[in-house]
Amino acid sequence: MKRGARVFGHVGRTRPFRAGSRHKGWVPSAAATAGRAQRAPWPRLSTLAGEVGGAEVHGEALVEGVTEDSHAVVPGMLFCAVRGARVDGHTCAERAVERGAAALLVERWLDLDVPQLRVPNTRAALGPVAAAVYGRPSAALRTVGVTGTNGKTTVTWALAEAFAAAGWAPGLIGTIETRVVDRRQRAALTTPQPSELQATLATMAAEGVEALAMEVSSQALDQCRVDGICFDVAVFLGMAPEHLDYHGTMAHYYASKAALFDPARATLGVVRVDDEWGRRLAHQAAIPVTTFGTSPEAQVRVEEVSTGLWGTRCRLRGGPDGTVELASPLIGAYNATNLAATYLAARLLGVGRDEAVAGIGACEPVPGRFQPVDRGQPFLVVVDFAHTPDAMAVAVDTARSLVAPGGRVHVVFGCAGERDRLKRPTMGRAAARADR
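Residues numbered from 1 in each chain as written. Predicted model: local features only at pLDDT ≥ 70, side-chain atom pairs only at ≥ 80, totals over all residues. Heavy atoms only, no water.

## Brief notes about the confidence of the model for the protein chain
Mean pLDDT over the protein chain stands at 86; residues scoring 70 or higher make up 88%. Low confidence marks residues 1-39, where pLDDT is under 50. Its contacts with residues over four positions away, or in another chain, come to 121 contacts. (pLDDT = per-residue confidence, 0-100. Contact = heavy atoms within 4.5 Å.)

In structure tokens, the structure reads:
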């Protein structure tokens, strides 16, 4: 066993490159555009009015795409004037028209000679309208939406492996990347904006993706980014203080995540009940849920967890499949509940028992999630995305469990930009569990 361990973590997220045009993320492929045109004609503005209550239309236009970014407008698009924290999209509408916008989605009539669709709230309308423009592509996919403070990326990556083991072409949308079968693009947001999201789903449907695993952040739910999608399965992994600079209170943070477990957004749920928030959600969810965790209250219990540099093993008891043994190369006992969430979501989606187990076993270490780095050095180095005090404490304790007697644990971490300053003192206290 190597004598020392170093854990590198950070708070917040770096800004990766954005490929392609100035559109924020995946641009619809030619296949997606052609496929949409073959399924149905592009919709007219008056048709889109039926997607939103209280809508009014002035003028008529054929809508051949949708965006809320005035720089991304191409001729034929619907430009959505969304009011943000810093910029009111209505002030950018003239630029959008100059770039060829066929119509505008607005909250107030604008003095511009272009067809307009007025709605009470453009942010709330954008998801359903974008879904309609791109032919409701999520309906062609099996879908899992994963929310929770920690573990979303790991569970979606493991789900993609389970889909592949079942013979389904996988899609993935999350913090690290967007994946369309075997094509990958780095992500700018955990959950994309509605126009980008629906365009991406259209690309997936056109290019043969059969099942999608998607991270769904609390901000995305609060900002209606996933409206227009009803997930087949929603997963809740638990909560710890996070994003309180945005949400203000844990109650609001919880309410945002709990919104995923509504019949308009999901059909079935998988809920971890190892904290008070999960137990509350299990009682309050408006959809049928399967509970899991190490808690005796869980319907499916996670037991006999073991971990080492080789990975993690655990046993599930109490579910419809009886006793199930799971093993994965993922390091850290905390991953046992992530494996359980993956297994249950995959089974509810229709993945066979053996295929779900095999997919979990094939999941390689996720970039930046307790990821060992070996360059021949005489000590262990691990990179981890520990961005909450709980996650930092778990990362340090996991590192300590892997070092030889007498070994020391060193932590290097930082806080990105202006984000979530309130948790920095508690992050420091969690890091102080290390020797240095």
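## Things to note about the nonpolar core
Among soluble globular proteins, nonpolar side chains are generally buried collectively. Core analysis: the largest hydrophobic core is formed by 39 residues, its most contacted members being Val144, Leu159, Phe163, Val235 and Leu316. The element contributing the most residues to this core is helix H11 (residues 335-349), with nine residues. Non-local contacts of Val144, meaning those with residues more than four positions away in its chain, are made with Leu159, Phe163, Leu212, Ala213, Met214, Phe231, Val233, Val235, Ala345 and Leu349. (Core = buried A, V, L, I, M, F, W, Y, C linked by side-chain atoms within 4.5 Å. Buried < 20%, exposed > 50% of the residue type's maximum accessible area, 1.4 Å probe, protein only. Helix = DSSP H or I, 4+ residues; strand = E, 2+ residues; numbered from the N terminus.)

## Thoughts on the pattern of salt bridges
Under the definition given, this model contains 17 salt bridges. Glu51 is the partner of Arg136 in a salt bridge, and the nearest nitrogen-oxygen pair spans 2.5 Å. With Arg136 in the loop between helix H4 (122-133) and strand E7 (142-147) and Glu51 in the loop between helix H2 (45-48) and strand E2 (56-58), the pair connects residues that are 85 residues apart, well separated along the chain. Judged by relative accessible area, Arg136 falls into the partly exposed class, the value being 43%. What emerges from the salt-bridge pattern is a single network uniting Arg301, Glu303, Glu304, Arg315, Arg317 and Glu325. (Salt bridge = Lys/Arg side-chain N within 4 Å of Asp/Glu carboxyl O.)

## Re the packing of H11 against helix H12 (residues 353-362)
Remark: H11 packs on H12, axes separated minimally by 10 Å, with the N-to-C direction vectors making an angle of 145 degrees. H12 is crossed by H11, and the crossing has right-handed handedness. For the pair H11 and H12, contact is made by Leu339, Thr342, Tyr343, Ala346 and Arg347 and by Arg353, Ala356, Val357 and Ile360, respectively. Taken together, the residues of the contact of H11 with H12 break down into six nonpolar, one polar and two charged. (Axes fitted to C-alpha atoms, helices over the stretch in contact; angles between N-to-C directions. Left-handed = near helix turned anticlockwise from the far one by under 90°. Nonpolar A, V, L, I, M, F, W, Y, C, P; charged D, E, K, R; others polar.)

## Here's the deal with unusual backbone geometry
It is generally the case that most residues other than glycine have a negative phi and that most peptide bonds are trans. Its identity as a non-glycine residue notwithstanding, Glu304 has a phi of 50 degrees, on the positive side. Mapped onto the fold, Glu304 is located in strand E15 (residues 300-308). Of note in this structure, Phe370 is not a glycine but carries a positive phi near 40 degrees. As for its placement among the helices and strands, Phe370 is situated in the loop between H12 and strand E18 (371-373).

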